[in-house]
Amino acid sequence: MKHNTKKYDYLIVGAGPFGATFAHEAALRGKRCLVIERRGHLGGNLYTHQENGINVHDYGAHIFHTDNKPVWDYVNQFTEFNGYINQVVANYKGDLYNLPFNMNTFYQMWGVKTPAEAQAKIAEQREAAGITGTPKNLEEQAISLIGTDIYEKLIKGYTEKQWGRKATELPSFIIRRLPTRFTFDNNYFNHRYQGVPVAGYTAIFDKMLDHDLIDVRLETDFFADKDTYLAEFPRIVYTGMIDQFFDYKFGELEYRSVRFESELLATNNAQGNAVINYTDAETPYTRVMEWRHFDQNGDDDVTILTREYPQDWDRQKEAYYPVNDEKNSTLFKQYRAEAKKYEKVIMGGRLGNYQYYDMDQVFHAALVAVKQEFKQ
Ligand code: UDP
């Protein structure tokens, strides 16, 4: 045996939330696990590090939010959450608007003061745009929900730079991630439970994988020796890209990537909010995070700002977002059918399932997989 030197029961490929949850639960049931992770750290894209007392999210802002009480209780075993409520501000060519779309936004856009006035304005714009019936794409869905003015100023530019394609070529569900509400409520999410871990996300993974029956090997690439891993381990949990698992044999699934630029400034408050979105088409970044506002932590005299730039994905870059349009969904189904032939492999996570999952959905999916695997 080259890799399965300790008679491991499970090989877990990827130390993100799916893999870590599976490993933790398997170890609690007496199973021996080897976790291999291509990167030099745990947590997948949830990884955070501390700098000047500030928790910086290396792969973009992650706010935990869920309605799922069992999942909320589950993650609370590993961390305390700080009660942060995400309230995003949009900057469109120097004008500021509250997000998500709510009475504050409608007032700032049109001067309307009641829900009835806002609804009338939206209905008028929807009608003028000729939108009837089921929206066929993101643009139609957005105009149907909040009218053309908000679509033009707060959605079109942001969406097209974020996804690198026309809003008419994107599925409508993407914009339904954001609430539309007729109250003066700037909470970015509708969920009951929300927050950011007090000690950062990485601490969750340190705790989950701290078990005698779990070994972790960082900077270890499954694809450097895929066939040997497949031959040596009785069960494998794979959380990487499903198309890469099959060496892209049916073609590449499309992903969207992002890159980040950070700067340290000598002030403790540069932009007055954790996240400001730049919704015009010209600004090359989509949003700017000021990390200390996520948890009111940090040294007194410094702040860290991070700009998020969307970019095309290629095999040298990290895959962040699956592009769940029709073409890719069809291709994904082909890969998923192929995956069924590998009885010893369980695929999960955003990349393994090619789904635009939120964190809570990944923890939930992992717990479901655990239940299926162990029948308890
Ligand atoms: N979106 C937008 N304007 C904004 C924020 C979001 O048009 O100011 C759209 C955009 O298409 C984005 C989608 O809403 O991809 C989902 O936004 P969310 O904040 O959920 O994206 P994530 O945080 O996952 O990148």
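Residues numbered from 1 in each chain as written. Predicted model: local features only at pLDDT ≥ 70, side-chain atom pairs only at ≥ 80, totals over all residues. Heavy atoms only, no water.

- An unreviewed UniProt entry lists the protein chain under the name UDP-galactopyranose mutase, from Pseudolactococcus laudensis.
- In its Cofactor (unreviewed entry) section, the UniProt entry covering the protein chain states "FAD".
- The record in UniProt for the protein chain states the following under Sequence similarities (unreviewed entry): "Belongs to the UDP-galactopyranose/dTDP-fucopyranose mutase family." (UniProt positions renumbered as here; feature names shortened; annotations may be inferred.)

## Looking at the UniProt feature "domain: UDP-galactopyranose mutase C-terminal" (unreviewed entry) in the protein chain
Then comes step 1: Here the UniProt-annotated "domain: UDP-galactopyranose mutase C-terminal" (unreviewed entry) positions come out as residues 153-356.
Then comes step 2: Its end C-alpha atoms 24 Å apart, residues 153-356 is made of 25% helix and 22% strand. (Helix = DSSP H or I, 4+ residues; strand = E, 2+ residues; numbered from the N terminus.)

## A few points about the side chain of Thr-105
Then comes step 1: One can find Thr-105 in helix H3 (residues 103-110).
Then comes step 2: Beyond its immediate stretch of four places on either side in the chain, Thr-105 contacts Tyr-97, Asn-98, Pro-100, Ile-150 and Leu-154. (Contact = heavy atoms within 4.5 Å.)

## Focus: the nonpolar core
Grouped burial of nonpolar side chains is what soluble globular proteins tend to show.
Then comes step 1: Ranked by internal contacts, the top residues of the largest apolar core, which has 115 residues, are Phe-22 and Phe-106.
Then comes step 2: Ignoring sequence-local partners within four residues, the contact set of Phe-106 consists of Phe-101, Gly-111, Val-112, Ala-118, Ile-122, Ile-146, Ile-150, Thr-180, Arg-181 and Phe-182.
Then comes step 3: Grouped together as the second largest cluster of nonpolar side chains are seven residues, Tyr-278, Tyr-285, Val-288 and Leu-305 included. (Core = buried A, V, L, I, M, F, W, Y, C linked by side-chain atoms within 4.5 Å. Buried < 20%, exposed > 50% of the residue type's maximum accessible area, 1.4 Å probe, protein only.)

## Focus: the site of the ligand
Then comes step 1: If you check the shell around the ligand, you find 17 residues, and the closest are Thr-159, Tyr-188, Arg-287, Tyr-321 and Tyr-356.
Then comes step 2: Here an oxygen atom of the ligand and a backbone polar atom of Ile-155 are 3.4 Å apart.
Then comes step 3: Arg-287 places a side-chain nitrogen or oxygen 2.8 Å from an oxygen atom of the ligand.
Then comes step 4: Considered on its own, the ligand offers 530 Å² of accessible surface; in the complex 93% of this is hidden by protein.
Then comes step 5: For the shell around the ligand, the leading source of residues is helix H5 (residues 138-163), giving six residues. (Near = heavy atom within 4 Å. Polar contact = N/O pair within 3.5 Å; in protein donor to acceptor, adjacent residues only side chain to side chain. Areas by Shrake-Rupley, 256 points an atom, 1.4 Å probe, with all protein chains shown as cover.)

## Let's talk about the sheet that holds strand S10 (residues 235-238)
Then comes step 1: Overall, parallel pairing links the five strands, which are arranged S9-S2-S1-S10-S16 in an open sheet. Lying at the two open borders of the sheet, with one neighbouring strand each, are strand S9 (214-217) and strand S16 (345-347). Each strand axis lies, on average, 15° off the axis of its neighbour in the sheet, ignoring direction.
Then comes step 2: Judged from the four bridges that link them, strand S1 (residues 10-13) and S10 form a sheet pairing that is parallel. Bridge pairing in S10 links Val-13 to Tyr-238. (Pairing = 2+ DSSP bridges. Axes fitted to C-alpha atoms, helices over the stretch in contact; angles between N-to-C directions.)

## Focus: the packing of aromatic side chains
Then comes step 1: Under the criterion given, the structure shown has 37 aromatic pairs.
Then comes step 2: Seen from their ring centres, Phe-222 and Tyr-238 are 5.7 Å apart, and the 50° between their planes marks the pair as tilted. Of this pair, Phe-222 sits in the loop between S9 and helix H7 (226-232) while Tyr-238 is found in strand S10, placing the two residues 16 residues apart along the sequence. Taken as a pair, Phe-222 and Tyr-238 share a single burial class, namely buried.
Then comes step 3: A connected cluster of aromatic rings, assembled from ring pairs, spans Tyr-8, Phe-222, Phe-223, Tyr-229, Phe-233, Tyr-238, Phe-245, Phe-246, Phe-250, Tyr-335 and Tyr-342.
Then comes step 4: Just above the ring of Tyr-59 sits the side chain of Arg-39; from NZ or CZ to the centre is 4.2 Å.
Then comes step 5: Taking NZ or CZ as reference, Arg-315 lies 3.7 Å from the ring centre of Tyr-248, over its face. (Phe/Tyr/Trp six-rings, centres within 6.5 Å; stacked < 30°, edge-to-face > 60°. Lys NZ or Arg CZ within 6 Å of the ring centre and 35° of its normal.)

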